[in-house]
Amino acid sequence: MAQTEPPKAARLWRDAALRARKLRGGPGEPEPEPDEGPPGGPPPPPPAARRPPLGELEALNLSGRGLEELPEEVGAALSGLRVLSLRRNRLCRLPAAALRHLGRLAELDLSHNRLRGLGDGRALAGLRGLRKLSLSHNELGAESPGLPPRLAELARLEELDLSFNRLRRLPEGLGCLRHLRALDIDHNLLPCFPAPLLELAALEELDCSGNRHLGALPEGIAALRRLKILWLSGTGLAALPEGLCQLGALESLMLDGNQLRTLPAGFSGLQRLKMLNLSSNLLGEFPAAILALPGLEELYLSRNQLSVLPPRLCQLRQLRTLWLDNNRIRYLPDSIVLLHSLEELVLQGNQIAILPEGFGQLSRVTLWKIKDNPLIQPPYEVCMKGIPYIAAYQQELAHSQPALKPRLKLVLMGLKDAGKTLLRRCLMEENGQKEDAGSLEAGSVQPRGCPGQQQDSGRAAGCCPVPEDASEQRDICSHVPSHQGKGERPCPAPSLPPDASQVSSGLRLSGSKGIEVMDWTADAERGLTFIVYELAGDPTYDVIQSFFLSPGALYVLVVNLSAYVPQHFYPSVGYFLHWLGSKVPHAVVCMVGTHADLCAERELEEKCLDIHHQIAQQEKRDAEGLQSLVQQVDEALGQDFDLRCSSPHTAFYGVSDKNLRRKKAQFQYLLNHRPQILSPVLPFSCWDHCQVRRLRDKLLSVAEHRDIFPNLHRVLPKSWQVLEELHFQPQAQQLWLSWWDSARLGLQAGLTEDRLQSALSYLHESGKLLYFEEHLTLREYVFHNLPRLIDILNVFCQRDATVLLQKLLSDTHIDELRATQLHHYVEGFLLHGLLPAHVIRLLLKPHIQSREDLQLILELLEKMGLCYCVNKPKSKPLNGAAAWYKFPCYVKNEVPHAEAWINGANLSGQSFVVEQLQIEYSFPFIFPPGLFARYSVQINSHVVQRSDGKYQIYAYRGKVPVVVSYRPARGALQPDTLSIASHASLPNIWTAWQAITPLVEELNVLLQEWPGLYYTVHVLCSKCLKRGSPNPHSFPGELLSQPRPEGLTEIICPKNGSERVNVALVYPPTPTVISPCSNLAFHHDGDVLLICVGIWWRTCQSQINHQYWCQRFSTGEECG
Ligand SMILES: Nc1nc2c(ncn2[C@@H]2O[C@H](COP(=O)(O)OP(=O)(O)O)[C@@H](O)[C@H]2O)c(=O)[nH]1
Ligand SMILES: [Mg+2]
């Protein structure tokens, strides 16, 4: 039978606390924990190896040696032994004969073997001096339900570990172990609390967790008066006996994962209690008895049903840790701010809208989690930044009155010519808010926040805009190839790469202005404003578009109904949902079908219905796909780790339980965070006033819906709001403001310099402007003019030579020579993505005036990951005009120029001397648009002598070659892949690992921008690669984050019979920090987030959440 899976919370606590906190005294552990030892290296020599003669040896560590038995001779030769570890071997039986000679043994570790029973117990009973015995992680109980009674003869035993076995009962005589201080019987199959335990009067630590059917505790538990630690996680307890309250010595009580609704009346008798874990129970009310435990330092109440916290919470003065996440708490008591010792405060997943005044006093809190609360005061963005920011906000409120500022980001997406622009205009004109046609012409937009500047659009005033050319509207199919071909595939379906060149060349450029942003005061009465982002339907904008997809926005997916045919569902709808879902897993989407006027009634109905059906189908396929993955992981988890390690052909070969649980948590997160599609397709015609009004009302009602956008009505200090307005006033048309300019505006708003920072930080977080408070140079500037910045970004996505040349040649003083030169530059740009800084300056002419502008913008572009400087010496200042920039999204040549890569273009060409390492990422649902280009920039700091192709990069890490390649999906069943490879001879293979590991980690970091993305990672078999096999075997990528298994030297590659692969070719010498297969990141400080996301669109909230969970519990299963 498979080992029972310990309940969630119990597992968490084992992992987080078991090793760290159990007060195990006595002579030191003889052996290093396998995951603490030097990874990959040989096990350290037994401590006594250098100390003959054998007979005098006192301690011997034989862990992880693959032993199937211990010969009697060994025992005979080592009769002086006091400490023996046989941990992690393959013993199926007790080495009885050897043990007979070891009468002096005081500590014996037999954990992680395959013991199914202890025989008649004689062999053990002989070890009369034994004080410490570990039998954990065996299969005890598999042969007979219990253990031999003779175990009770170990009269001097002080610590006994029987955890993770299959025991259904304990020997009757166990109560005789008068000296037993610590007993672990967790994760067995005990059907009830074993009565003999009640006689163990010396017991200080007892762990019964994970015996799921324990059900109840006896009153008699009061007898265990010396108990300090009692762990009862996941034991099916529905109530606690009063007797428990008499355990006056108890310091640590673990009761998570049970079904407790209340605590017994006398609970406050546990006056020594320091740690209480009641997470994952059914508490509907905060147990008042807890308040009478003045020594409490840690209190965990996560995942209950609490809605109110007691006002007297502050009585718990010693409290350092308070976890209240995932309850139904609406308010925090004011007194919470008096918990001055608090270091961890976890509140996420509640209903908290307002934080009490003076919250900023909790300045010692370092672990702070508040995500998933409908916060309005302080606004969500402020709360997410941490306690110091909350303090600043609250101080600011004290200075100036609060102001309400409801505004919501609205993102229009859909194919080019779907009707986004016209829809936007109709909506805005319905309000009498019209666009500035002139500025649109110039590729810019109506300046946000200054409606006074608007001019008439030039169209017939007051009526709906006339479609430019209705006859052109039916040619949707001519420009959808980019995302085509995913429609009817079984899930998970691979994607075709957005082939930008193909698309843009065949398209007319009119109307393609790229991404546009503007303010729309949709409801002046209620003051509700939308910040409307219209994305370009054109995939050439892919690299930048994903920045604009952020949580907390309302998405409108626009489809041209007259052009729609069911075969085009994927490119026109399905693809966008996949894209959005992978970036913003829980996005709120409203479907709108335009050109309704061109469709007959019946046609309209059918098409809307078809879209509706196909969305449902796609969702179902995706969910089923994920569900089956969860099932696979579950099955693997049901198996023993050892078993997994012995079958290299299985999907989860060697993957640790921890990594499997993390994987499962990720799948579950993906399953639980699907796009929220609000309605069936809303038919829309720009001609029809009623429909325009209906759509506007629909958007307003969605925005106002408290369940959908709970934090719309944020409260701001008046000064912050004024500051925002001042930054966007008409005269503030520059591209950026110096920090000093901004500070002057701050003064106008009543903000002194010292208070400006937090206001700017809020404006940055909420996507109003860009202010990189941690960037060395950029922090001196405030980029307040988003429309202009977006226009700048747009310039780098228009792949049209004519347009680019127009910009460059607009200067009348250009002579022929110069013109030719510029032609060459454009050519080079469109082919290789290369541009010198001075040409960039020309391209951005209307926006960039000074050299300073240029330098800043270039730095910004680099920071966003759009380009890298080809010739900038690392860590030296940018040298303006001489610098050349590479925009990887423009690179056209399929393969890199091979000459740059001296060792040859083809790794497999090296076959005889070297071994190959290749890590492959596969993306079965969707390959994030623009990812390769972004990654290409991101790795630049790690490599030298690079040579870029459209899909491949050759480069060196030091002297070691690396190749990064993207392979678009080939056919229906092969997903897109991205792989990172290197090679070296076997003895030097660590150099290849050293070369690829930072690149792997960089990719992992980048992929965290895509929390809803499903992908897998594999280590390809280097033997298969060497053979040139077209279909090499792949080992699970999770191995990259695991230490090399002790004692293992070779792995069998199942693809080629019984070929042996050296472990060094599968496991890196040092495990990677971030598990590659999980979007649930570990560690990021704010700065990394800043760097990797260019965060102005408030992208990372969901990730911050993940990081936290995974940081907290390496099992990561709390996610989602
Ligand atoms: N008849 C009709 N034409 C429309 C409608 N919506 C958009 N159009 C036309 O379709 C074309 C593309 O629209 P546009 O808004 O530029 O699409 P975008 O690329 O998604 O922004 C334009 O010529 C519009 O005038 C509609 O509801 N009915
Ligand atoms: Mg448009």
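Bear in mind that the values here come from a model prediction, so they are computed numbers and not experimental data. Residue numbers here run from 1 along each chain, matching the order of that chain's written sequence. Each chain gets a letter, beginning with A, and each ligand a number, beginning with 1, in the order they are written. Whole-chain, interface and lining totals are the exception, using all residues; otherwise, since this is a predicted model, local features are given only for residues with pLDDT of at least 70 and side-chain atom pairs are given and counted only at 80 or more. Based on all heavy atoms of the structure, the side-chain values leave hydrogens and waters out of the count.

## Describing the overall build of the protein chain
Part 1 of the argument: In DSSP terms, a helix is any run of H or I states spanning at least four residues, a strand is any run of E spanning at least two, and both are numbered starting from the N terminus. Counting its secondary structure elements, the protein chain contains 28 helices and 37 strands.
Part 2 of the argument: The buried share of the protein chain, taken over its 1120 residues, is 61%.
Part 3 of the argument: The contacts in the protein chain between residues at least 6 apart in sequence include a share of 61% that link residues at least 24 apart. Per-residue accessibility, obtained with a 1.4 Å probe over protein chains only, is compared with the maximum for each type, and a residue is labelled buried under 20%, exposed over 50%, and partly exposed between these values. When checking whether two residues touch, look at their non-hydrogen atoms; a contact exists if any pair is within 4.5 Å.

## Regarding the coordination of the magnesium ion (ligand 2)
Part 1 of the argument: Within the protein, Thr 421 (OG1) and Glu 534 (OE) serve as the donor atoms for the magnesium ion (ligand 2), at 1.9 to 2.4 Å. Note that Thr 421 is positioned in helix H7 (residues 420–430) and Glu 534 in strand E18 (residues 528–534), a separation of 113 residues in sequence.
Part 2 of the argument: Take Glu 534: its relative accessible area is 5%, and that puts it in the buried class. Coordination shells were defined by N, O and S atoms within 2.8 Å of each metal, extended to 3.2 Å for Na, K and Ca; water is absent from the atom set, which can make sites look incomplete.

## Here's the deal with the environment of Arg 181
Part 1 of the argument: Mapped onto the fold, Arg 181 is located in the loop between strand E5 (159–161) and strand E6 (182–184).
Part 2 of the argument: On the basis of relative accessible area, Arg 181 is assigned to the partly exposed category, the value being 21%.
Part 3 of the argument: For the pair formed by Arg 181 and Leu 160, sequence separation is 21 residues and the distance between their alpha carbons is 8.5 Å.
Part 4 of the argument: A polar side-chain atom of Arg 181 sits 3.2 Å from a polar atom in the side chain of Glu 159. Residues adjacent in sequence count toward polar contacts only when both atoms are side-chain atoms; beyond that, a polar contact is any pair of N or O atoms within 3.5 Å, and within protein one must be able to donate a hydrogen and the other to accept it.

## Focus on unusual backbone geometry
Part 1 of the argument: Omega for the bond connecting Gln 377 with Pro 378 falls within 30 degrees of zero, at -5 degrees, which places this linkage in the cis form.
Part 2 of the argument: As for its placement among the helices and strands, Pro 378 is situated in the loop between strand E14 (367–369) and helix H5 (380–385).
Part 3 of the argument: The phi angle at Phe 164 is positive, at roughly 55 degrees, despite the residue not being glycine.
Part 4 of the argument: By the element assignment, Phe 164 lies in the loop between E5 and E6.
Part 5 of the argument: If you check the backbone angles, His 595 has positive phi at about 60 degrees while not being a glycine.
Part 6 of the argument: With respect to the secondary-structure elements, His 595 resides in the loop between strand E20 (588–594) and helix H12 (601–638).
Part 7 of the argument: Classification of His 595 as buried rests on a relative accessible area of 14%.

## Looking at the sheet that holds strand E26 (residues 834–836)
Part 1 of the argument: Note on pairing: DSSP must find at least two bridges between two strands before they are called paired. Reading across from one edge, E26-E28-E27 is the order of the three strands in this open sheet, with antiparallel pairing throughout. This sheet does not close on itself; its edge strands, each paired only once, are E26 and strand E27 (868–869).
Part 2 of the argument: With two bridges joining them, E27 and strand E28 (residues 884–886) adopt antiparallel strand pairing. Each residue of the ladder has a partner; that of Tyr 868, found in E28, is Lys 886.
Part 3 of the argument: Here helix H21 (residues 816–832) sits on the sheet and contacts E26 and E28; the angle it forms with E26, its principal contact strand, is near 140 degrees. Only the contacting stretch of a helix is used when fitting its axis, a line to C-alpha atoms as for every element, and angles between N-to-C directions run 0 to 180 degrees.

## Overview of the confidence of the model for the protein chain
Part 1 of the argument: Averaged over every residue, the pLDDT of the protein chain is 80; the share at 70 or more is 81%.
Part 2 of the argument: Values of pLDDT, the confidence the predictor places in each residue, fall between 0 and 100. For residues 1–49, every residue scores under 50 in pLDDT, and the model assigns this stretch 108 contacts once sequence neighbours within four places are set aside.
Part 3 of the argument: For residues 435–511, every residue scores under 50 in pLDDT, and the model assigns this stretch 171 contacts once sequence neighbours within four places are set aside.

## Notes on the packing of helix H16 (residues 718–727) against helix H17 (residues 739–748)
Part 1 of the argument: Two elements in contact, H16 and H17, have axes separated by 9 Å at closest approach and are oriented at 130 degrees. In terms of axis orientation, H16 runs oblique to H17. The handedness of the crossing between H16 and H17 comes out as right-handed. Of H17, the residues touching H16 (which contributes Leu 723, Leu 726 and His 727) are Ser 742, Leu 745, Gly 746 and Gln 748.
Part 2 of the argument: In this classification, the charged set is Asp, Glu, Lys and Arg, the nonpolar set is Ala, Val, Leu, Ile, Met, Phe, Trp, Tyr, Cys and Pro, and all remaining amino acids, among them Gly, are polar. Class assignment for the residues of the contact of H16 with H17 results in three nonpolar, four polar and no charged. Here roughly perpendicular refers to angles of 65 to 115 degrees, roughly parallel to angles under 35, roughly antiparallel to angles over 145, and oblique to all remaining angles. Crossing handedness follows the turn of the near helix against the far one: under a right angle anticlockwise gives a left-handed crossing, and clockwise gives a right-handed one.

## Quick look at helix H18 (residues 753–765)
Part 1 of the argument: End to end, H18 covers 19 Å across 13 residues, agreeing with the expected 18 Å (1.5 Å per residue, within 8%).
Part 2 of the argument: H18 sits mainly inside the fold: 10 of its 13 residues count as buried. What a helix is expected to span follows from its residue count: subtract one and scale by 1.5 Å.

## Here's the deal with the sheet that holds strand E33 (residues 976–984)
Part 1 of the argument: Here we have seven strands laid out as an open sheet, ordered E30-E31-E32-E33-E29-E34-E35, and antiparallel in their pairing. Since the sheet does not close on itself, it has two edges, and those belong to strand E30 (944–948) and strand E35 (1034–1036), each with one partner. For this sheet, the mean inter-axis angle between neighbouring strands, taken without regard to orientation, is 20 degrees.

## Examining the side chain of Arg 407
Part 1 of the argument: Its location among the elements puts Arg 407 in strand E16 (residues 407–413).
Part 2 of the argument: Polar contacts involving the side chain of Arg 407 include one to the side chain of Glu 724, which spans 2.6 Å.

## Focus: the pattern of salt bridges
Part 1 of the argument: Salt bridge, as used here: a side-chain nitrogen of Lys or Arg that lies within 4 Å of a carboxyl oxygen of Asp or Glu. All chains considered together, the criterion is met by 33 salt bridges.
Part 2 of the argument: Here Arg 100 ties to Glu 72 by a salt bridge, and the two come within 3.3 Å at their closest N and O atoms. Pair noted here: Arg 100 is in the loop between helix H3 (96–99) and strand E3 (107–109) and Glu 72 is in helix H2 (residues 72–77), with a separation of 28 residues, a long-range link.
Part 3 of the argument: Given the relative accessible area of 62%, Arg 100 is considered exposed.
Part 4 of the argument: Residue classification places Glu 72 among the partly exposed residues on the basis of a relative accessible area of 31%.
Part 5 of the argument: For Arg 696, the salt bridge identified is with Asp 697, shortest N-O distance 3.4 Å.
Part 6 of the argument: Among the residues examined, Arg 696 registers a relative accessible area of 17% and is labelled buried.
Part 7 of the argument: Look at the salt bridges and you will find they share partners, linking Arg 131, Lys 132, Glu 158, Glu 159 and Arg 181 into a network.

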